[in-house]
Structures are given as C-alpha cells and as structure tokens.
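Observations on chain architecture
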Amino acid sequence: MNQLSYVHQHQSAWNNYLSQLDRVAPYLGELIDQLDTLKRPKRALIVNVPVEMDDGTIQHFEGFRVQHSLTRGPGKGGVRYHPCVDLNEVMALSAWMTIKCAAIDLPFGGAKGGVRVDPSALSERELERLTRRYTAEINNVIGPQKDIPAPDVGTNAQVMAWMMDTYSMNAGTTVTGVVTGKPVHLGGSLGRSKATGRGVFITGTEIAKKIQLDITQAKVCVQGFGNVGSEAAFLFAQAGAKVIGIQDHSATLYQENGIDIGALQQYQLIHGKIQGYSTSDEIEAPQFWQISAEIFIPAALENVITVDIAEKIQTQLILEGSNGPTLAEADDILAKRQITLVPDVICNAGGVTVSYFEWVQDLASFFWSEDEINQRMDRIMRHAITAVWEKATAKNCSLRTAAYIVACERILIARKERGTYPG
Ligand code: NAD
C-alpha cells in the first residue's frame, strides 16, 4: 500500500467505528438511550512537540492523546509513531480500546496516542527527545489512575522507558505504573512482548475448534511481520500449520510448502524487514489477498480488507491481529460468504490483558512468573471468546457484533449506574 492510499483509507477509521456501533444499536434494548456517550471521545488533546534535531535545527511534530471513555476505569491504549497519524485515526483507535477492554472485561476505559513522525528517519537521540517532549506535553492527562499508555506501531519498550522516566522526573518519584510494555528491569511484565500474537493464536484455535477447522492441516497468511504478526505466525507454525504467505511494508513472500518462521524472524531482526530473505519467492503486494489459505491474519494497519478483497478472498477464518483492518461493508460480505471473522477487539486483546497484569504487578510491586502470566491470560482470553461465541449464537449475529454487544452492555450499564455529573 502506498502512503497516499493509506491516508485515504484511514481517514474513515472513525466512520468505520461509528458504523460498527450502528450495527450493535438494535441489540441494546433500553440501553440504547446511553449509546451517544460512545459516539464521541471524552477528551482529545492535540499537542505541538518541538524537537531539537542532531543538526541543531528545531522541528515541530503534531502529537495526540485521546481518551475515548473513562467510564469503567483509567484510560488504556498505545502510542503510535507513524507519518500518517492524525486525530481521526487516534480517535478511532481509542474507541476500539474502550470496546476491547470492556469485551475482555478489564477495569479500563479506552485511550490512544500518537505522533505524526517517521521514527525510522530519526536518530536514537532525536527519538528520545521527541518521546520526552511528547510525554511532558501530555503529562497532565496521563498517570497510573488516569490513563496508561503502551507501545503500538512505531514504538517499543525503550520508548515506554523514556516515557516512564520523563513522567517520574516531573512527579519527583518513580512511577512505574504510568505506562505498560516497559522493559522487564523497569517493572515490565514477563510475556508482554509476545502476548498479542499469543492471544491471536489462542482465540484462533478456540474458534477453529468451533468451526471444525483442523489447525495442523491449515495454510495461513499473515500481513505484518512485526510484534503481533511474527509471533502469531510462529505459534501457528509451531502448532503444525503451514504459513505460506507473509507481507510487510517492504515485500510479500509466498512459499507453497510453508515459510520457515524462525529463520524469517532471525532475518527480520537483522534487516528490519522481510525483503531480500528469499527474493525468488517474492510476489507483488496485491497478490497477497489472492492466495488461497484457510486462515488470514491481518496484523499491520487498518482498513486493508476492502469490499473488493472481501468478495474475492479464499479463506475460512480471518483473525484480526491489527486494529480495524476490515471495513464495515466488507464485514457484511464476509458474513454472507460464511467466512468466520474473529474481531480485533477480542482477537488482539492479549496485549492489553498482559498490560493489565503489568499495571497490577506495578501497583502491588509484586511480580509473577511467565507461566502464571500465560495461564492467567489464556484463561481470560478463552473465557472472553467463548462468551462472544455464545452471544453470537444466541443473537444470530457476527462475532464482531456479538463482541460489541457484550462490551457495550458492560460500558452502558456502568454509565447508567454512574449517572451524569453534576446530576
Ligand atoms: P509493528 O510496528 O511491530 O509491526 C507492523 C508490521 O506491519 C511491520 O511488519 C510492517 O512492516 C507492517 N506494515 C506496515 N505497513 C504495511 C503495509 N502498508 N503493508 C503491509 N505491511 C505493512 O506493529 P505491531 O505492534 O505488530 O502492531 C500491528 C497491528 O496490531 C497494529 O494495528 C496495532 O495497533 C495492532 N496491535 C498491536 C498490539 C501490540 O501489543 N503490539 C496490541 C494490539 C493491537
């Protein structure tokens, strides 16, 4: 996807979210009179982030922090560094966090942040200065009891360490619980970096059982080979599936007999991309969606499954590793074609679940083993996906609508019980 088409597509991310809400409305009974609260963010902050570059010049970057809902607890959501970040996108991503936290039943609201920047064009020192100034600019609205950022596209554990340090310097005391996804030495949780990909795998295998799809015989295609996509690909391959297609920003790989995911991870670690790993197996980007495979995992950016792709894709199961990869109209087509889709708000919730564990561990200053974390996460994810499957069966609706019903009921009941300040 070139950058222009990405901009064009992601401008509708918020509209896409609103369309998803519209689909849930008929199922909400008397709670519908509360639904408007989810149609606007509670708070949206736009900040200017001036950064002194290595050559001594000052560059200005636009940054955002949006708190979509704080009804069920502090805001929770990542920080994205990408050249196409804008308010519309951050609003949509924050709203999906609200739905996600409620669908999984974590005691959080939804938030998201971002800076419009190409992080790969910055030196390490420039990235640190950008992160510290951005954190200082949003300092007043974040905090362990207010809003807890985490990594997203273009950010990582090091960025979280800088955010935590900057917030702590301003507070005059070390506040580890202000962000999650930190390095383990700084109060990060074991298992966090692999949690989202692991959650995609867990929800995928649970739903595969329900639709009688044998994972060990399945062919899998993954778009995005970053934090989420590479771990999901690895776990499916380990379970016996054949990962035959992988696409990242640089190239699309197709190997009929299955790609060696461990080897590709090593290559990606060194080169930062998959291009060049096996040049003879590279195909054109649009061909990715034409591959026939039982499972497709979008794990890159939003709005990639368009109406056209939904009409043609040859698959049985789509696992939304990324946030908002499917357009609302495409959803309807997939449902008509009886292609099962596990929605982002459940499918990729493994990350926020372990983020929740990290926050709990930080607040208690008591840390769990990786086994404990994985077991707790597996339990929460399996419980959540089963509840959504049962709701979908009871209401005869898609898994996305079912997840939204479950989430909206929890949020709107809480909203109603809290009442409207000042009363
Ligand atoms: P990442 O930055 O680690 O990886 C992103 C991947 O997408 C990279 O492989 C990149 O090359 C690829 N990509 C970028 N542009 C592309 C394009 N135009 N076409 C094909 N591939 C492209 O990011 P991540 O952490 O893996 O996140 C991926 C998605 O998952 C995002 O939507 C993010 O919001 C979502 N998500 C991430 C987490 C998490 O814990 N990291 C949790 C929940 C949801």
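Residues numbered from 1 in each chain as written. Predicted model: local features only at pLDDT ≥ 70, side-chain atom pairs only at ≥ 80, totals over all residues. Heavy atoms only, no water.

**Topic: the pairing of strand E10 (residues 295-298)**
Neither face of E10 is open: one carries Ile295 and Ile297, the other Phe296 and Pro298, and all of them are buried. One ladder, built from 4 bridges, connects strand E6 (residues 219-223) with E10; its direction is parallel. In the strand pairing of E10, Gln223 is matched with Pro298. Of the strand pairs in this sheet, E10 and strand E11 (residues 317-319) are connected by 2 bridges, and their pairing is parallel. (Buried < 20%, exposed > 50% of the residue type's maximum accessible area, 1.4 Å probe, protein only. Helix = DSSP H or I, 4+ residues; strand = E, 2+ residues; numbered from the N terminus. Pairing = 2+ DSSP bridges.)

**Concerning the sheet that holds strand E3 (residues 75-82)**
Strands sit in the order E1-E2-E4-E3-E5 across an open sheet of 5 strands; the sheet is mixed. Across the chains shown, the open sheet's two edge strands, defined by having one partner strand only, are strand E1 (43-52) and strand E5 (147-151). For this sheet, the mean angle separating the axes of adjacent strands, direction not counted, is 20°. Judged from the 4 bridges that link them, E3 and strand E4 (residues 110-116) form a sheet pairing that is parallel. Counted as the bridge partner of Tyr81 is Val115 from E4. (Axes fitted to C-alpha atoms, helices over the stretch in contact; angles between N-to-C directions.)

**Focus: the packing of helix H3 (residues 87-104) against helix H14 (residues 399-418)**
For the pair H3 and H14, interaxial distance at closest approach is 8 Å and the crossing angle is 90°. In terms of orientation, H3 lies roughly perpendicular with respect to H14. Seen from H3, the contacting residues are Trp96, Thr98, Ile99, Ala102, Ala103 and Ile104; seen from H14, they are Ala403, Tyr404, Val406, Ala407, Cys408, Arg410 and Ile411. Split into classes, the residues belonging to the contact of H3 with H14 amount to 11 nonpolar, 1 polar and 1 charged. (Parallel < 35°, antiparallel > 145°, perpendicular 65-115°, else oblique. Contact = heavy atoms within 4.5 Å. Nonpolar A, V, L, I, M, F, W, Y, C, P; charged D, E, K, R; others polar.)

**Quick look at the layout of surface pockets**
The space that makes up the second largest pocket amounts to roughly 440 Å³. Around the second largest pocket, the lining comprises 20 residues; the ones closest to its centre are Ala335, Ile339, Cys397, Ser398 and Leu399. Breaking the lining of the second largest pocket down by element, the ones donating at least two residues are helix H2 (13-24), helix H10 (328-336), strand E12 (340-342), helix H13 (370-395) and H14. (1 Å grid on protein atoms, 1.4 Å probe; cavity = no way out; pocket = protein on both sides within 12 Å on 5 of 7 lines; lining within 4 Å. Points joined across faces, edges and corners; volume = space filled by probe spheres on them.)

**Digging into the UniProt feature "binding site: NAD(+)" (unreviewed entry) in the chain**
Here the UniProt-annotated "binding site: NAD(+)" (unreviewed entry) positions come out as Thr196 and Asn227. A maximum C-alpha distance of 7.9 Å among these annotated residues, which run over 32 residues, shows that they cluster at one spot. Considering the arrangement of structural elements, one finds Thr196 in helix H6 (residues 192-210). Leaving out residues up to four positions away in the same chain, Thr196 has contacts with Val228, Cys347, Asn348, Gly350 and Gly351. Along the chain, Asn227 turns up in helix H7 (residues 227-238). (UniProt positions renumbered as here; feature names shortened; annotations may be inferred.)

**Here we look at unusual backbone geometry**
A cis geometry characterises the amide bond from Tyr421 onward to Pro422, with omega recorded as 0°. If you trace the backbone, Pro422 turns up in the segment after H14. Even without being glycine, Asn303 reaches a positive phi, approximately 55°. Topologically, Asn303 is positioned in the loop between E10 and helix H9 (307-312). Positive phi values are uncommon outside glycine, yet Gln338 reaches one of about 60°. Here Gln338 is to be found in the loop between H10 and E12.

**Brief notes about the pattern of salt bridges**
Counting across every chain of the model gives 28 salt bridges. Residue Glu89 is joined to Arg80 by a salt bridge in which the shortest nitrogen-to-oxygen separation is 3.0 Å. Grouping residues by exposure puts Glu89 and Arg80 together as buried. Here the salt bridges share partners, and the residues they tie into one network are Arg80, Glu89, Lys112, Asp152 and Glu302. (Salt bridge = Lys/Arg side-chain N within 4 Å of Asp/Glu carboxyl O.)

**Looking at the domain arrangement of the chain**
Segmenting the chain into domains produces domain 1 (40-173) and domain 2 (193-347). In this structure, domain 1 and domain 2 have C-alpha centres spaced 27 Å apart. Across the contact, 12 residues belong to domain 1 and 8 residues belong to domain 2. For the pair domain 1 and domain 2, the summed buried surface comes to about 790 Å²; carbon and sulfur atoms form 60% of the total. (Domains from an automatic or database assignment. Buried area = accessible area lost by both parts, 1.4 Å probe.)

**So, the UniProt feature "site: Important for catalysis" (unreviewed entry) in the chain**
The UniProt record annotates "site: Important for catalysis" (unreviewed entry) at Asp152. Considering the arrangement of structural elements, one finds Asp152 in the loop between E5 and helix H5 (157-171). For Asp152, the residues in contact, after removing those within four places along its chain, are Gly78, Val79, Arg80, Lys112 and Asn323. Among the polar contacts made by the side chain of Asp152, one reaches the side chain of Arg80 at a distance of 2.5 Å. (Polar contact = N/O pair within 3.5 Å; in protein donor to acceptor, adjacent residues only side chain to side chain.)

**Overview of the state of the cysteines**
This model, assessed by the stated rule, comprises 0 disulfides. Free cysteine Cys347: the closest other cysteine sulfur is in Cys221, separated by 15 Å. By relative accessible area, which is 0% here, Cys347 ends up buried. Of all cysteine sulfurs, the one in Cys408 lies closest to Cys397, which takes part in no disulfide; the gap is 12 Å. (Disulfide = S-S within 2.5 Å.)

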